[in-house]
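The primary structure of each chain is shown beneath.
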Amino acid sequence: MLLNFDYDGVIADSLTALVAIAAQAQGELGLGRSPTAADFAQLENLTFPDLAQHLGIPVSAIDTYVQRVFQLQHTLPPQPLFAGMVPILHHLAQDHTLVVITSSQGTAVTAALAHQRLGTVMTAVLGGNLGLTKADRIVQAQMLTGFDSQDTYMIGDAVSDVRQGKAAGVKTAAVTWGFQSRQRLIAEQPDWICDRPQDLLALL
């Protein structure tokens, strides 16, 4: 199986850090308003360009804002992981192919995974800096690894992860320990709901 994992809110407990750097980038730009954790919980499409638009940053400045957020991600120390994620991912990697598909900056996430003893379990990290939708990156991951849609999962913590997985024609699993509420995730009708990291093992 090909297991595509979102990173922030699924593997890493990084909401506080992401809110802080998103606020720093907005403050430096001096446009729109400062973000809060509630903004991440409410976004229909959980990406930094969509966050910028949500904050009232003009369209002409969105690229500048996103690039600054990506730069700041390289300054973050590795964020804490949700309990049990390291052994669970190592266990899954014994029989399956794991890829990270994230809205964050890909090389920053790659560096964090290496520090968190997860670099060797991930076949690839496809970040938001690629300028593709997550659906497109799911297809890219399939092309890289040779898996078809019946053997591919998208595992995320946001309604947009479920939607993008469905758009790519793959199976979807929503985790409820991340950025968006269980109620919102259930409304998107993912194939599976996972309430604990250990539930990921039961998917397969």
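Quick look at the structure, then.

Reading the values: rules and limits
- Residues numbered from 1 in each chain as written.
- Predicted model: local features only at pLDDT ≥ 70, side-chain atom pairs only at ≥ 80, totals over all residues.
- Heavy atoms only, no water.
- 1 Å grid on protein atoms, 1.4 Å probe; cavity = no way out; pocket = protein on both sides within 12 Å on 5 of 7 lines; lining within 4 Å.
- Points joined across faces, edges and corners; volume = space filled by probe spheres on them.
- Helix = DSSP H or I, 4+ residues; strand = E, 2+ residues; numbered from the N terminus.
- Nonpolar A, V, L, I, M, F, W, Y, C, P; charged D, E, K, R; others polar.
- Buried < 20%, exposed > 50% of the residue type's maximum accessible area, 1.4 Å probe, protein only.
- Polar contact = N/O pair within 3.5 Å; in protein donor to acceptor, adjacent residues only side chain to side chain.
- Contact = heavy atoms within 4.5 Å.
- Pairing = 2+ DSSP bridges.
- Salt bridge = Lys/Arg side-chain N within 4 Å of Asp/Glu carboxyl O.

Okay, the layout of surface pockets next. Its boundaries defined by the atoms lining it, the largest pocket holds a volume of some 310 Å³. Along the wall of the largest pocket there are 20 residues; nearest its centre are Thr 47, Pro 49, Gly 128, Leu 132 and Arg 137. If you list the elements that add at least two residues to the lining of the largest pocket, you get α3 (48-54), α4 (59-73), α7 (134-145) and α8 (159-167). Ranked by residue count, the leading element in the lining of the largest pocket is α4, at 4 residues. Roughly 200 Å³ of volume is contained in the second largest pocket. Together, 16 residues line the second largest pocket, and Gln 73, Leu 76, Ala 108, Val 109 and Ala 112 are the ones closest to its centre. When residues of the lining of the second largest pocket are assigned to their parent elements, the largest contribution, 4 residues, is made by helix α6 (residues 106-115). Looking at the lining of the second largest pocket, its residues break down into 9 nonpolar, 6 polar and 1 charged.

Note that Gln 164 resides in helix α8. Judged by its relative accessible area of 18%, Gln 164 falls in the buried class. A distance of 3.3 Å separates a polar side-chain atom of Gln 164 from the backbone nitrogen of Lys 134. Filtering out sequence-adjacent residues up to four positions away, Gln 164 remains in contact with Thr 133, Lys 134, Ala 135 and Ile 138.

Once that is clear, we can look at the pairing of strand β2 (residues 97-101). Counted residue by residue, β2 has 5 buried out of 5 residues, so it is predominantly covered. What you see with β2 is no split at all: Thr 97, Val 99 and Ile 101 on one side and Leu 98 and Val 100 on the other are buried throughout. Direction of pairing for strand β1 (residues 2-5) relative to β2: parallel, over a ladder of 4 bridges. Counted as the bridge partner of Leu 2 is Thr 97 from β2. Relative to strand β3 (residues 122-126), β2 runs parallel, the two sharing 4 bridges.

A word on the pattern of salt bridges. According to the stated counting rule, one finds 9 salt bridges in the structure shown. Between Arg 33 and Asp 39 there is a salt bridge, with the nearest N and O atoms lying 2.7 Å from each other. The exposure class assigned to Arg 33 is partly exposed, which follows from its relative accessible area of 36%. Overlapping salt bridges bring together Glu 44, Arg 163, Arg 184 and Glu 188 as one network.

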